[in-house]
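The lines below spell out each chain.
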Amino acid sequence: MAERFTNQTVIVTGAAHGFGQAIAHAFAWEGAAVWACDLNAQGLGETARLAHHDGLTIQTRSVDVSDGAAVSAFVAEVVAATNRIDVLVNNAGGVLGQVGRPLEEISPLDWRSIFAVNVDGAFFFAQAVAQQMKAQQSGRIINISSGAGLGISLTGIQAYASAKAAQIGLTRQLAHELGAWGITVNNVAPGFVRSNPTTERQWQSYGEEGQRKLLDGIALKRLGTPEDIAAAVLFFASEQARWITGQILSVDGGK
Ligand SMILES: NC(=O)c1ccc[n+]([C@@H]2O[C@H](COP(=O)([O-])OP(=O)(O)OC[C@H]3O[C@@H](n4cnc5c(N)ncnc54)[C@H](O)[C@@H]3O)[C@@H](O)[C@H]2O)c1
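Remember, it's a predicted structure, so these values are computed and weren't measured experimentally.

S.K.: Describe the overall build of the chain, listing the residues and the values that go with them.
M.R.: Regarding its fold elements, the chain presents 7 helices and 7 strands. Sequence-ordered secondary structure for the chain, helices as α and strands as β, is β-α-β-α-β-α-β-α-β-α-β-α-α-β. Relative to a compact globule of 255 residues, whose C-alpha radius of gyration would be 18 Å, the chain shows 17 Å and is just as compact. If one aligns the C-alpha atoms of the chain with their principal axes, the spans along those axes are about 50 × 40 × 35 Å. When each of the 255 residues of the chain is scored for burial, the buried share is 48%. Residue pairs at least 24 apart in sequence account for 74% of intrachain contacts in the chain once pairs closer than 6 positions are excluded. As displayed, the chain has an accessible area near 12,100 Å², and 55% of this comes from carbon and sulfur atoms. Separation between the mean location of the 18 positive side-chain charges and that of the 22 negative ones in the chain comes to 4 Å.

Next up, the structure:
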């Protein structure tokens, strides 16, 4: 196994579960010092346990990514411990248990809470790591959006499609702002993956016919896995991606 990230410090948000857990594990497997955060303390315990099982260590902390002060305190702790931040993966996000409903039924809180985790979180974290990455004259920021941010959301949730599109805009803008310091900012836009209770419910709701239709529409004729998403994230973080920034990579089996 080539350890592409030895001596590197990597922060992964939303790492208690699903993609974040797979991304944190993949970086640790390739030699990085991984700092994983999430709201879900129990899930973080599982992330740490899985790593330990493979002889790896992942530091875990409970952090609400939509709380700017908590984000700053966490990043300060990482810098104090390791003196660097090489990679930030803004993965925390999702639909927060919401389901698609008609526009007229959406409360301001429904709308705002999805933006808070998917957009504010990525913004606060990028802001918090910028000083350290600028001082290093290097850094990789990878945001996880969604096919929903490039087209429409299968969930029908207006805030989700809008927030992921906003996060893609943030990616492009920060790539230009931070490029002069050797910092790249890229985005992975996953397709549908059965990685959490929401997507599992969604998959079951399609029925056999709908599931077959969804698979037929994918060029590679299978659903993705969290490991498929992690592979793309590690590419953007790797030395091989050194002259790539402001890009959105669809990882969806081909549409
Ligand atoms: N699964 C899919 O089909 C799919 C497709 C496209 C994009 N995505 C995106 O990929 C990312 C990961 O999704 P997943 O499928 O692994 O979902 P997931 O629900 O398994 O993981 C999301 C994690 O984010 C955490 N989180 C939520 N709010 C938070 C907050 N305020 N602070 C800290 N952590 C918080 C959750 O506790 C959870 O562990 C999300 O941004 C999601 O929108 C998922």
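Having seen it, we continue.
S.K.: So what's going on with the side chain of Thr 9? Residues and values would help.
M.R.: Summarising the element assignment, Thr 9 is placed in strand S1 (residues 9–13). Taking relative accessible area as the criterion, Thr 9 reaches 3% and is therefore assigned buried. A distance of 3.1 Å separates polar atoms of two side chains, one belonging to Thr 9 and the other to Thr 82.

S.K.: Before we move on, could you go through the site of the ligand and cite the residues and values that matter?
M.R.: The immediate surroundings of the ligand are formed by 28 residues, with His 17, Asp 38, Tyr 160, Val 193 and Ser 195 found nearest. Take Phe 19: an N or O atom from its main chain is 2.8 Å from an oxygen atom of the ligand. Contacts to the ligand include Asp 64, whose side-chain N or O atom sits 2.9 Å from a nitrogen atom. Alone, the ligand offers 820 Å² of accessible surface; in the complex the protein occludes 89% of this. Secondary structure elements with two or more residues in the shell around the ligand: helix H1 (18–29) and helix H5 (158–178).

S.K.: Describe the environment of Arg 61, listing the residues and the values that go with them.
M.R.: Position of Arg 61 among the secondary structure elements: in strand S3 (residues 58–62). Sequence separation between Arg 61 and Ala 36 is 25 residues; the distance between their C-alpha atoms is 6.4 Å. With residues up to four places along the chain from it excluded, the contact list for Arg 61 reads Trp 35, Ala 36, Cys 37, Asp 38, Leu 44, Phe 74 and Glu 77.

S.K.: Mind laying out helix H2 (residues 41–53), listing which residues take part and the relevant values?
M.R.: In a regular helix each residue adds 1.5 Å, so 13 residues correspond to 18 Å; H2 covers 18 Å between its end C-alpha atoms and thus fits that length. Buried-residue contacts for H2 involve H1, strand S2 (33–38) and S3. One side-chain oxygen of the residue at the start of H2 lies 3.2 Å from the amide nitrogen of Gln 42, identifying that residue as Asn 40. Backbone geometry just downstream of H2 places Gly 55 in the positive-phi region, at approximately 75°.

S.K.: Quick rundown of the nonpolar core? Include the residues and the values.
M.R.: In a soluble, globular protein the nonpolar side chains are often hidden away together inside. In terms of nonpolar packing, the biggest core is built from 33 residues, with Val 12, Ile 23, Phe 27 and Val 188 touching the most fellow members. Residues in contact with Val 188, not counting those within four places in the same chain, are Ile 142, Asn 143, Ile 144, Ser 145, Ser 146, Ile 229, Ala 232, Val 233, Phe 236, Leu 249 and Val 251. Listed in part, the 26 residues of the second largest apolar core include Trp 35, Val 65, Leu 170 and Ile 183.

S.K.: Please set out the pairing of strand S6 (residues 183–190) residue by residue, giving values where relevant.
M.R.: Burial analysis of S6 places 8 of its 8 residues in the buried class, the great majority of the element. Of the two faces of S6, both are covered, the one formed by Ile 183, Val 185, Asn 187 and Ala 189 as well as the one formed by Thr 184, Asn 186, Val 188 and Pro 190. Remark: the strand S5 (residues 139–144)/H5/S6 crossover connection has right-handed handedness. In this structure, S6 lies alongside strand S7 (residues 248–251), joined through 4 bridges in parallel fashion. Bridge pairing links Asn 187 to Ile 248 in S7.

S.K.: Before we move on, can you summarise the packing of aromatic side chains with the specific residues and values?
M.R.: Taken as a whole, this structure holds 7 aromatic pairs when the rule is applied. The interplanar angle of 25° and the centroid separation of 6.2 Å between the aromatic rings of Phe 192 and Trp 203 together place this pair among those described as stacked. Taken together, the residues Phe 192 in the loop between S6 and helix H6 (197–216) and Trp 203 in helix H6 connect sequence positions 11 residues apart. On the basis of relative accessible area, Phe 192 is assigned to the buried category, the value being 14%. For the ring pair Phe 235 and Phe 236, a centre distance of 5.9 Å and an interplane angle of 40° mean the geometry is tilted. The exposure class assigned to Phe 236 is buried, which follows from its relative accessible area of 3%. A network of ring pairs unites the aromatic residues Phe 192, Trp 203 and Tyr 206 as a single cluster. Looking at Lys 134, its charged tip hangs above the ring of Trp 181, at a distance of 4.1 Å from the centre.

So, how was this worked out
- Note on numbering: residues in each chain are counted from 1, in written sequence order.
- The model is predicted, so local features are restricted to residues of pLDDT at least 70 and side-chain atom pairs to those at 80 or more, both for listing and for counting; the totals for chains, interfaces and linings are taken over all residues.
- Hydrogens and water molecules were not included; the side-chain quantities draw on all heavy atoms of the structure.
- Helical segments are the DSSP runs of H or I of at least four residues, strand segments are the runs of E of at least two, and each set is numbered from the N terminus.
- Two things to know: the radius of gyration comes from C-alpha atoms, and the globule rule equals 2.2 Å times the number of residues to the power 0.38.
- Here's how the labels work: a residue is buried when its accessible area is under 20% of the maximum for its type, exposed when over 50%, partly exposed in between, all with a 1.4 Å probe on protein chains only.
- Any two residues having at least one pair of non-hydrogen atoms within 4.5 Å are treated as being in contact.
- For the area figures, the Shrake-Rupley method with a 1.4 Å probe applies, and any residue is considered shielded solely by the protein chains shown.
- When charges are counted, Lys and Arg are positive and Asp and Glu negative, with His and the chain ends excluded.
- Taken as the charge centre is NZ of Lys, CZ of Arg, CG of Asp or CD of Glu, depending on the residue.
- The definition of a polar contact used here is a pair of N or O atoms within 3.5 Å, where within protein one atom must be able to donate a hydrogen and the other to accept one, and adjacent residues in sequence count solely through side-chain atom pairs.
- Consider each residue's heavy atoms; a residue with any of them within 4 Å of a molecule or strand counts as near.
- Helix span, as expected, comes to 1.5 Å for every residue beyond the first.
- For our purposes a nonpolar core is just a set of buried Ala, Val, Leu, Ile, Met, Phe, Trp, Tyr and Cys residues, chained together by side-chain atoms within 4.5 Å.
- Seen with its strands pointing away from the viewer, a crossover is right-handed when the path leading from the first strand over the helix to the second is clockwise.
- For two strands to pair, DSSP has to find at least two bridges joining them.
- Ring pairs shown here join Phe, Tyr and Trp side chains whose ring centres sit within 6.5 Å, with only the six-membered ring taken for Trp; geometry is labelled stacked below 30 degrees between planes, edge-to-face above 60, and tilted in between.
- Note on criteria: charge over ring means Lys NZ or Arg CZ within 6 Å of the ring centre, with the direction from the centre no more than 35 degrees off the ring normal.

None of the figures reported here should be taken as evidence of function without further support.
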